[in-house]
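Summary of structural features
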Amino acid sequence: MLSEKEQSILSIRNLNIWYGDKQILNSLSFDIQQQQVTAFIGPTNSGKSTLVRCINRLNDFVPNFKSTGEILFKGTLLGASTDTTALRKQIGMVFRKPTLFRCSIYENVAYGARISGASRSTSLDGIVEKNLRKIGLWSEVENILDETPEQLSTGQQQLLCVARALVVEPEVLIFDEPCGELDPIETVKIERLVRDLADDYTLIFATNKRRQAARVSDVAGFLYSGELVEFGATERLFTNPQDNRTEQYVTGRLG
């Protein structure tokens with residue numbers, strides 16, 4: 001019998017995606033296990049962002065979006081009747097550019113807890129501090145919590161987005177090119193955080209940086225022209241790829 005950590009938290013079955021008449025993803029099937037970092041690599045326009053945005057139903061807002069196939073979260077099919085608000089609490093997302101609210105640093109983190117019924121009290125203060133400590137930002141912002149995050153660096157803003165996502169206690173957290181706007185020092189902080197969070201969360205990490213995927217992930221999938229060319233343990237995919245296209249990509253000769 002599989003342990004809880006070994007069970008699939010997400011299952012994708014024959015997923016096809018179109019924007020209008022253009023097919024973006026072609027017959028994708030794979031499983032994502034709990035408390036692992038699964039990275040999706042591939043060149044620009046390979047379908048990485050489209051794929052990860054499907055998982056928490058963000059593509060539903062895209063005009064002319066159409067899909068076939070199945071996405072199952074903890075064995076339950078995600079379909080038209082899915083409560084997407086509840087789903088996005090369970091499956092959070094961090095984007096390429098920090099997406100912050102026009103309010104204080106404190107309120108950016110507290111937002112999720114507040115809409116869940118908490119008030120500004122010792123309990124809410126503790127939630128904010130706990131999550132800012134978790135992402136390593138507390139010491140840098142504890143004296144400016146009532147100020148806006150505009151004064152923070154892009155990397156600090158991205159960390160703040162992670163803290164806000166964690167407040168609602170998601171089971172899965174998706175990172176879609178989270179280091180695309182960051183400098184090398186800030187990128188290292190995000191990568192270390194991803195590895196630290198893997199002890200408590202299931203993480204999905206989309207990137208076109210090969211070495212980054214190799215550093216942060218346990219499992220990796222290579223997407224090329226909408227096809228999942230290869231999917232498996234990161235070390236094997238990078239050191240012993242089974243498809244020639246994968247080998248060309250990880251060695252820098254493709255894409």
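Residues numbered from 1 in each chain as written. Predicted model: local features only at pLDDT ≥ 70, side-chain atom pairs only at ≥ 80, totals over all residues. Heavy atoms only, no water.

Remarks on the overall build of the protein
Across its full length, the protein carries 10 helices and 10 strands. Across its three principal directions, the C-alpha atoms of the protein cover 55 × 45 × 40 Å. Burial statistics for the protein: of 255 residues in total, 49% are counted as buried. Considering only contacts in the protein between residues 6 or more positions apart, those separated by 24 or more positions represent 66%. Accessible surface computed for the protein: about 12500 Å², of which carbon and sulfur atoms make up 45%. Distance between charge centres in the protein, computed from 29 positive and 32 negative side chains, equals 4 Å. (Helix = DSSP H or I, 4+ residues; strand = E, 2+ residues; numbered from the N terminus. Buried < 20%, exposed > 50% of the residue type's maximum accessible area, 1.4 Å probe, protein only. Contact = heavy atoms within 4.5 Å. Areas by Shrake-Rupley, 256 points an atom, 1.4 Å probe, with all protein chains shown as cover. Lys, Arg positive; Asp, Glu negative; His and termini not counted. Charge placed at Lys NZ, Arg CZ, Asp CG, Glu CD.)

Here's the deal with the pattern of salt bridges
Evaluation of the coordinates by the stated rule reveals 12 salt bridges. Of the charged contacts in the structure, one is a salt bridge between Lys74 and Glu171, with a shortest N-O distance of 3.0 Å. Of this pair, Lys74 sits in the loop between strand E4 (65-73) and strand E5 (76-77) while Glu171 sits in the loop between helix H6 (154-167) and strand E7 (172-176); the two residues are 97 residues apart in sequence, bridging distant segments of the chain. By relative accessible area, Lys74 is classed as partly exposed at 47%. Of the charged contacts, one joins Arg236 and Glu230 as a salt bridge, the two residues approaching to 2.9 Å between their closest N and O atoms. A relative accessible area of 27% places Arg236 in the partly exposed class. (Salt bridge = Lys/Arg side-chain N within 4 Å of Asp/Glu carboxyl O.)

Considering the sheet that holds strand E6 (residues 91-94)
Judged by pairing direction, the sheet is mixed, and its six strands sit side by side in the order E6-E7-E8-E3-E9-E10 without closing on themselves. The two strands at the open ends of the sheet, each matched to only one other strand, are E6 and strand E10 (227-233). Each neighbouring strand pair of the sheet contributes to a mean axis angle of 15 degrees, computed without reference to strand direction. Pairing geometry for strand E3 (residues 37-41) and strand E9 (residues 219-224), over four bridges, is parallel. Its bridge partner being in E9, Thr38 is matched across the sheet by Val219. (Pairing = 2+ DSSP bridges. Axes fitted to C-alpha atoms, helices over the stretch in contact; angles between N-to-C directions.)

Let's talk about the layout of surface pockets
Unfilled space is identified by rolling a water-sized probe across the atoms. Here the largest pocket is characterised by a volume of approximately 520 Å³. Looking at the largest pocket, it is lined by 22 residues, and the ones nearest its centre are Arg88, Gly92, Met93, Arg164 and Ala165. Where the lining of the largest pocket is concerned, the elements lending two or more residues are helix H2 (84-90), E6, helix H3 (105-115) and H6. A per-class count over the lining of the largest pocket returns 12 nonpolar, six polar and four charged. (1 Å grid on protein atoms, 1.4 Å probe; cavity = no way out; pocket = protein on both sides within 12 Å on 5 of 7 lines; lining within 4 Å. Points joined across faces, edges and corners; volume = space filled by probe spheres on them. Nonpolar A, V, L, I, M, F, W, Y, C, P; charged D, E, K, R; others polar.)

A closer look at the pairing of E6
Every second residue of E6 is oriented toward a common face, with Ile91 and Met93 on one face and Gly92 and Val94 on the other, all of them buried. Summarising the sheet, E6 and E7 pair through four bridges and their orientation is parallel. Across the sheet, residue Met93 finds its bridge partner in E7, namely Ile174.

Observations regarding a nonpolar patch on the surface
Taken together, the side chains of Phe101, Tyr111 and Ile115 present a nonpolar region at the surface, about 280 Å² in accessible area. Among the secondary structure elements, Ile115 is positioned in helix H3. (Patch = residues over 30% accessible without salt bridge, like charges linked within 9 Å, V, L, I, M, F, W, Y side chains within 5 Å.)

Points about the sheet that holds E5
Pairing between the strands of a sheet comes from backbone hydrogen bonds, and it takes one of two forms, parallel or antiparallel. Taking strand neighbours across the sheet as the criterion, the four strands line up as E2-E1-E4-E5 in an open arrangement whose pairing is antiparallel. The open sheet has two edge strands with one neighbour each: strand E2 (22-33) and E5. Inspection of the sheet shows E4 paired to E5 by two bridges, in the antiparallel sense. Along E5, the bridge assignment pairs Leu72 with Leu77.

A closer look at the side chain of Ser46
Locating Ser46 in the fold gives a position in the loop between E3 and helix H1 (48-55). Residue classification places Ser46 among the buried residues on the basis of a relative accessible area of 2%. Of the polar contacts made by the side chain of Ser46, one reaches the backbone oxygen of Pro43; its length is 2.8 Å. In this view, Ser46 contacts Leu25, Leu223, Tyr224, Ser225 and Gly226; residues no more than four positions away in its chain are not counted. (Polar contact = N/O pair within 3.5 Å; in protein donor to acceptor, adjacent residues only side chain to side chain.)

Purely spatial values, then, with no claim about function.
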